[in-house]
Amino acid sequence: MGICGIDEAGRGPWAGPVVAAAVILPLKRRPRGLADSKQLTAEAREELAWAIRACAIVGVGQASPEEIDQVNILQATYLAMRRALEALPQRPAALLVDGNSAPDFGLPTETIIDGDAHVACISAASIIAKVERDRMMAELCARHPGYSFAKHKGYGTPEHQEALVRLGPCAIHRLSFKPVRPVAAHYGL
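Since the model is a prediction, treat every value here as computed from it, not as a measurement.

Q: So, the pattern of salt bridges: which residues are in play, and what are the values?
A: Side-chain pairs of opposite charge can arise where the charged atoms are in close proximity. Summed over all chains, the structure comprises 10 salt bridges. The partner of Arg45 in a salt bridge is Asp134, with the nearest N and O atoms 3.7 Å apart. Of this pair, Arg45 sits in helix H1 (residues 42–55) while Asp134 is found in helix H5 (residues 120–143), placing the two residues 89 residues apart along the sequence. Asp134 sits in the buried class, given a relative accessible area of 13%. Between Arg135 and Glu132 there is a salt bridge, with the nearest N and O atoms lying 3.6 Å from each other. Taken as a pair, Arg135 and Glu132 lie in helix H5 at a separation of three residues, close to a single helical turn. A relative accessible area of 17% means that Glu132 is categorised as buried.

As structure tokens, then:
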């Protein structure tokens with residue numbers, strides 16, 4: 001049993017799932033260079049994700065766009081976090097969660113604002129969640145051509161806005177999100 005870091009990726013995008021990771025790092029021989037995933041290049045994140053998986057205990061969970069629309073992004077994030085925790089092959093002793101709120105996991109839990117930048121196990125979870133979500137968005141890009149999901153990962157860029165207006169929302173858009181709602185209504189969704 002160890003201390004588990006939990007973080008998510010993908011709360012803000014207009015499309016795709018929210019993904020969470022739960023990571024228990026070993027006490028020794030941790031990968032060097034752990035940091036907030038947003039501060040790393042895609043290549044550095046990929047290398048670190050491989051190194052984390054080689055030495056740590058990792059669980060990943062997600063909540064779908066439909067679940068996000070049904071329960072809201074915060075509750076969907078909590079659902080993804082619970083699923084990541086359930087995916088761990090062992091139960092941790094305690095949890096460190098990035099941010100200022102967390103669901104009741106039934107375990108001792110501490111929230112840490114900017115934990116992804118300051119706590120190794122949360123940084124590792126941040127990296128795993130981001131890499132997993134980016135891979136998912138690249139795969140979803142192939143299934144939903146025209147939106148460039150592999151490029152912007154579903155975030156609200158001008159290119160995404162233009163494609164959304166031109167093509168309408170696709171199956172992975174979050175219809176409850178303010179920028180998507182009027183376009184969805186225009187297309188009768």
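Q: Go over the side chain of Asp98 with me, naming the residues and quoting the values.
A: Along the chain, the position of Asp98 falls in strand S4 (residues 94–98). For the buried residue Asp98, which engages in no salt bridge, the nearest side chain bearing the opposite charge is Lys38, 5.7 Å off. Of the polar contacts made by the side chain of Asp98, one reaches the backbone nitrogen of Gly115; its length is 2.9 Å.

Q: Residue-level account of the nonpolar core, with values.
A: With 24 residues, the main nonpolar core has Cys4, Ile6, Met81, Leu95 and Phe105 as its most contacted residues. Contributing elements (two or more residues each) for this core: strand S1 (3–9), strand S2 (18–24), helix H3 (73–86) and S4. With six residues, H3 is the largest single contributor of residues to this core. Excluding its chain neighbours within four sequence positions, the residues that come into contact with Ile6 are Ala21, Ala22, Met81, Leu95, Leu96, Val97, Asp98, Phe105, Ile122 and Ala125. The next biggest cluster of nonpolar side chains, apart from the first, holds 23 residues, and it includes Leu25, Ala35, Ala125 and Ala129.

What counts, and at which threshold
- Residues numbered from 1 in each chain as written.
- Predicted model: local features only at pLDDT ≥ 70, side-chain atom pairs only at ≥ 80, totals over all residues.
- Heavy atoms only, no water.
- Salt bridge = Lys/Arg side-chain N within 4 Å of Asp/Glu carboxyl O.
- Helix = DSSP H or I, 4+ residues; strand = E, 2+ residues; numbered from the N terminus.
- Buried < 20%, exposed > 50% of the residue type's maximum accessible area, 1.4 Å probe, protein only.
- Lys, Arg positive; Asp, Glu negative; His and termini not counted.
- Polar contact = N/O pair within 3.5 Å; in protein donor to acceptor, adjacent residues only side chain to side chain.
- Core = buried A, V, L, I, M, F, W, Y, C linked by side-chain atoms within 4.5 Å.
- Contact = heavy atoms within 4.5 Å.

Just geometry here; none of it tells us what the structure is for.
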